[in-house]
Every structure is written in C-alpha cells, then in structure tokens.
Amino acid sequence: MATKRDYYEVLGVARGATEDEIKRAFKRLAMKYHPDRNKDADAGDKFREINEAYQVLSDPQKRSAYDAGGFDAVNNNGGPQGFDFGADGGFGDIFDTIFGSMGGGARRSRRPSGPVRTRGRDIRIVVTLTLEEAVKGLTKEVKLSALTTCPDCHGEGTKDPKSRKQCPYCHGQGVIFAQQGFFQIQKTCEHCHGEGTIVTDPCKTCNGQGRIKQPRNVKIEIPGGLDTGQSVVVEGAGESGTHGGPNGDVIAVIQVKDHELFKRDGDNLYCEVPITFTTAALGGKVTVPTLDGKLAITVEPGTQTGTTYRLSGKGIKATYTNRPRGNLYCTVVVETPVKLNDYQKDLLHKLEQSFEEESGSADAKDKNHKKATAGESQKPMIDSFGEKISKFFKDLGK
C-alpha cells in the first residue's frame, strides 16, 4: 500500500477490542477480499493489508509493542515478517470457513475411498525418415516398451479387490496436509499414491502395481510433407491408465536425415549442379534431379558459377496447409577440369593465347573496349577485376 493505515482502522475495530472481536473482524474482511472470491484489481492488496493488521493485533506481545511505538515497533518495518499459526487454530478455523463456503474450493474435501482412475503417461519417441519418406508420407511400425494393464489382476493390483484396506496414513483421503507458512497445503499420500487404499494381498505378476512393462508394436501413419521437429500423435497407444483410466498417447517426433543431393528449407529444395567449362561457355542442356524424376534445363552461353535456376512446383507440398507446392532451386557450379593430358593442355594454352592476341593489338583493344562497354566482354569478371586492381593502385599512387 502506498500509505500504511492504522491496524485498528484496517480491521474496523476499536483500540480496546477483545481478541474475539479482532478475530471476527478479520474473518469477515478476509472472506470479503480474498482473491479467490473477490476479483477486484485491488482485492489482493487489501487482503494482504488485512493479514498484516491481524498478525500484529492477534499477538498480545506485538499488539502491545504497536500500541506503544506504532509501525516502527513491529519488526522495524511496520509489519510482521511472515505468518504463524496459533495453537488455538484461529487461522485454521477462519480459512476452513472461507474455503469451505466457496463453491468448488473445499479445502478439506475427502476423496472417495478406493482406487483412483488416472490417465496413462504419453510416450515420446523419435522417428527417423529419409527425405523421400518425409515428402511422400508412409506407415511406420515402431517397437516400444510401455506400462500395460496387468493381464492377471486386470489393473486392480490384487486378484481379490476386497483385500484392499484403508490407508492408515491418510485415512482414506489420498492426501495429507502440511503447514507451510500462512497456508496449509495438501500433498499426495506417498504410501497409497493418492488412492486412499493399500493392497494387502498384491498380485504376484505386477507386485500390486496393476501394470507391467511389455513390448508392443505401434503403427504410425505419417502424412507427407512433415519436417524435422514436427510430430504425429497416435492416440491411446501410450501407457495404460490405472484402474480403468484412459491410455496415454504416443507422440512421434520426426527427424529427417540429410540428403546427398537436396537441402530443404521449408517447402523449398536446393541443389547444386556441376557443369563443364565448355557447357558454361557455350551453353547447352543439363540434366538435374527432382523428386519426380530427371529434368533437363537449358544453360545459357557464358553462364557463371552461382547462377541459380528456379523450377516452380518441384519442391515440397507442406502438410496441413493450403500453400502451393514449393520450388526447387538448382545452382550451377562450373567444374575446373583436372588431370589433363598433353593434348588437352595444349588446346587450353592455345585458347588462352587467342584471348591474349585478341586483346593485344590496338584495334583489338579498341574493339574489346567497345565490347566491354556494351557488356559483351569475353572475360567480364576478369576484365572487371583487372580494372578494379588498376584503379586501386592508381589511387595509392603506385
């Protein structure tokens, strides 16, 4: 609170109020402003202010100190450093009333005696697929081990259900209560695991657990188009529930293996296609792979490494969407020939010499300059790089 109010004012009692009057005032205000009952934005602050006032005024020693020295006399900060519970059960009685009067929030509601139906746990597995399998989809059968209802006791934990006795630790409630600060909390009874009963004549097959671990085969229908990280749920194929509770699910997480030809990014595929020096220079037809089979593309004369061709609709159709099928992007890489024989080397030397002769004469130089200006240079990248080098050293004065 921005400004602390007098504790007597907070509870609406006189300074000479009795302990019973203070308790009744707190009980009335706590029921009014408890956040579970009052949804006003400031209800929480008012509830904490009421608690603080009651902690001081309900304790004779703290109340005496407050009456003599005000806020500074109580824990040096105008309020208690926590909450304690008196032996008379004041807070317990009050909160029994508060929570007992709230619909659906009964604090001490007893569980029905007997086994509790619980849902079986989900089983998460990783299913590894090739790119082709992920794109087209398939039915995958996997083997796993899961808790299954015991066939001998049918999940009861005992062949004679009458042998179940009330748990002596929680007295059949399935929960035990523990004090933690201001509040009383409940925890599942660790002796009967929340069932409220214990087995005195356990089934020898499952040792009274009602379930045993058994291997099983699960068929997973995997739709086409899934990618790494996506999952498929097989309902009811997980662990068996207890005492007739529903089974859990199997959650199959997809992992797609790397492909030797394609890389995937969303709905699109990417592929590098090596071409020869002559094909890059002269142009021609090049065969590229697609998921639907081979396809020929036309490489233009003078194609450089890194040129990318887009094949529309040759990518992947994503699952559960109305998006059109993705594209395939083929990037050509000009391969430098290796292990040349003497004849091939001689041909390349002659080709290089012809380039030099072409650019050697004055007329040729002028002709090449005009070609370069028109964007028709025979060696556009080399010529451009040479011009940049010349300019670089000229700017340096060398």
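Computed from a predicted structure; not experimentally measured. (Residues numbered from 1 in each chain as written. Predicted model: local features only at pLDDT ≥ 70, side-chain atom pairs only at ≥ 80, totals over all residues. Heavy atoms only, no water.)

Chemist: Before we go on, may I ask you to explain a nonpolar patch on the surface in this structure?
Modeler: A contiguous nonpolar patch, built from Phe-385, Ile-389, Phe-392, Phe-393 and Leu-396 and spanning about 500 Å² of accessible area, is present on the exposed surface. Residue position: Leu-396 is located in helix 10 (residues 380-396). (Patch = residues over 30% accessible without salt bridge, like charges linked within 9 Å, V, L, I, M, F, W, Y side chains within 5 Å. Areas by Shrake-Rupley, 256 points an atom, 1.4 Å probe, with all protein chains shown as cover. Salt bridge = Lys/Arg side-chain N within 4 Å of Asp/Glu carboxyl O. Helix = DSSP H or I, 4+ residues; strand = E, 2+ residues; numbered from the N terminus.)

Chemist: Can you walk me through the pairing of strand 15 (residues 328-334) in this structure?
Modeler: The two faces of a sheet get side chains in turn, since along a regular strand they alternate between them. Pairing between strand 11 (residues 268-275) and strand 15: 7 bridges, direction parallel. Across the sheet, residue Val-273 finds its bridge partner in strand 15, namely Val-332. The pairing of strand 14 (residues 308-311) with strand 15 spans 4 bridges and is classified as antiparallel. For Leu-311, the partnering residue across the bridge sits in strand 15 and is Leu-328. (Pairing = 2+ DSSP bridges.)

Chemist: What is the right way to read the nonpolar core from this model?
Modeler: Generally speaking, nonpolar side chains in soluble globular proteins are found buried as a group. Residues Ile-125, Val-127, Leu-144 and Ile-220 are the most contacted members of the largest nonpolar core, which totals 38 residues. Discounting residues that sit within four places of it in the chain, Ile-220 has contacts with Ile-125, Val-127, Leu-138, Thr-139, Lys-140, Val-142, Val-232, Val-234 and Ala-252. (Core = buried A, V, L, I, M, F, W, Y, C linked by side-chain atoms within 4.5 Å. Buried < 20%, exposed > 50% of the residue type's maximum accessible area, 1.4 Å probe, protein only. Contact = heavy atoms within 4.5 Å.)

Chemist: Help me understand the side chain of Thr-279 in this model?
Modeler: Take Thr-279: it is sitting in helix 7 (residues 277-282). Relative accessible area serves as the criterion here: at 18%, Thr-279 is assigned to the buried category. A polar contact of 2.8 Å, which involves the side chain of Thr-279, links it to the side chain of Thr-276. Those residues within four positions of Thr-279 in sequence are excluded, and the remaining contacts are Gly-284, Val-286 and Val-299. (Polar contact = N/O pair within 3.5 Å; in protein donor to acceptor, adjacent residues only side chain to side chain.)

Chemist: Mind showing me how you'd approach the confidence of the model for the chain here?
Modeler: In low-pLDDT segments, the atomic positions of the prediction should not be examined closely. Considering every residue of the chain, the mean pLDDT works out to 81; 81% of them sit at 70 or more. Taken as a whole, residues 99-111 scores under 50 in pLDDT and shows 26 contacts with residues more than four places along the chain or in a different chain. (pLDDT = per-residue confidence, 0-100.)

Chemist: Help me understand helix 2 (residues 19-33) in this model?
Modeler: Here helix 2 spans 21 Å end to end across 15 residues, near enough to the 21 Å set by a 1.5 Å rise per residue. Along helix 2, the residues classified as buried are Ile-22, Ala-25, Phe-26, Leu-29, Ala-30 and Tyr-33. Down the axis of helix 2, the sector holding all buried residues measures 125°, keeping them to one side. (Expected span 1.5 Å × (residues − 1). Arc of directions from axis to C-beta.)

Chemist: Even after reading the chapter, I still don't get the sheet that holds strand 9 (residues 250-256), so can you show me in this structure?
Modeler: To summarise the sheet geometry, strands pair through backbone hydrogen bonds and adopt either a parallel or an antiparallel arrangement. Read across the sheet, 3 strands follow the order 1-9-8 without closing on themselves; strand pairing throughout is mixed. Among the strands making up the open sheet, the edge pair consists of strand 1 (123-129) and strand 8 (231-234). This sheet shows a mean twist of 25° between the axes of neighbouring strands, independent of strand direction. Where strand 1 and strand 9 come together, 7 bridges link them in parallel fashion. The residue bridging Leu-129 from the neighbouring strand is Val-256, located in strand 9. (Axes fitted to C-alpha atoms, helices over the stretch in contact; angles between N-to-C directions.)

Chemist: Sorry if this is basic, but what is going on with the packing of aromatic side chains here?
Modeler: The geometry of an aromatic ring pair comes down to the distance between the two centres and the angle between the two planes. Inspection of the entire model under this criterion finds 6 aromatic pairs. Here the aromatic rings of Tyr-7 and Tyr-66 are separated by 4.7 Å at their centres, their planes lie at 35°, and the arrangement is tilted. With Tyr-7 in helix 1 (residues 7-11) and Tyr-66 in helix 4 (residues 60-69), this pair connects stretches of sequence that are 59 residues apart. Measuring from ring centre to ring centre gives 6.2 Å for Tyr-8 and Tyr-66, while their planes differ by 40°; the resulting arrangement is tilted. Of this pair, Tyr-8 sits in helix 1 while Tyr-66 is found in helix 4, placing the two residues 58 residues apart along the sequence. For Tyr-8, a relative accessible area of 2% puts it in the buried group. Relative accessible area serves as the criterion here: at 5%, Tyr-66 is assigned to the buried category. Aromatic rings pair up to connect Tyr-7, Tyr-8, Tyr-66 and Phe-71 into one cluster. (Phe/Tyr/Trp six-rings, centres within 6.5 Å; stacked < 30°, edge-to-face > 60°.)

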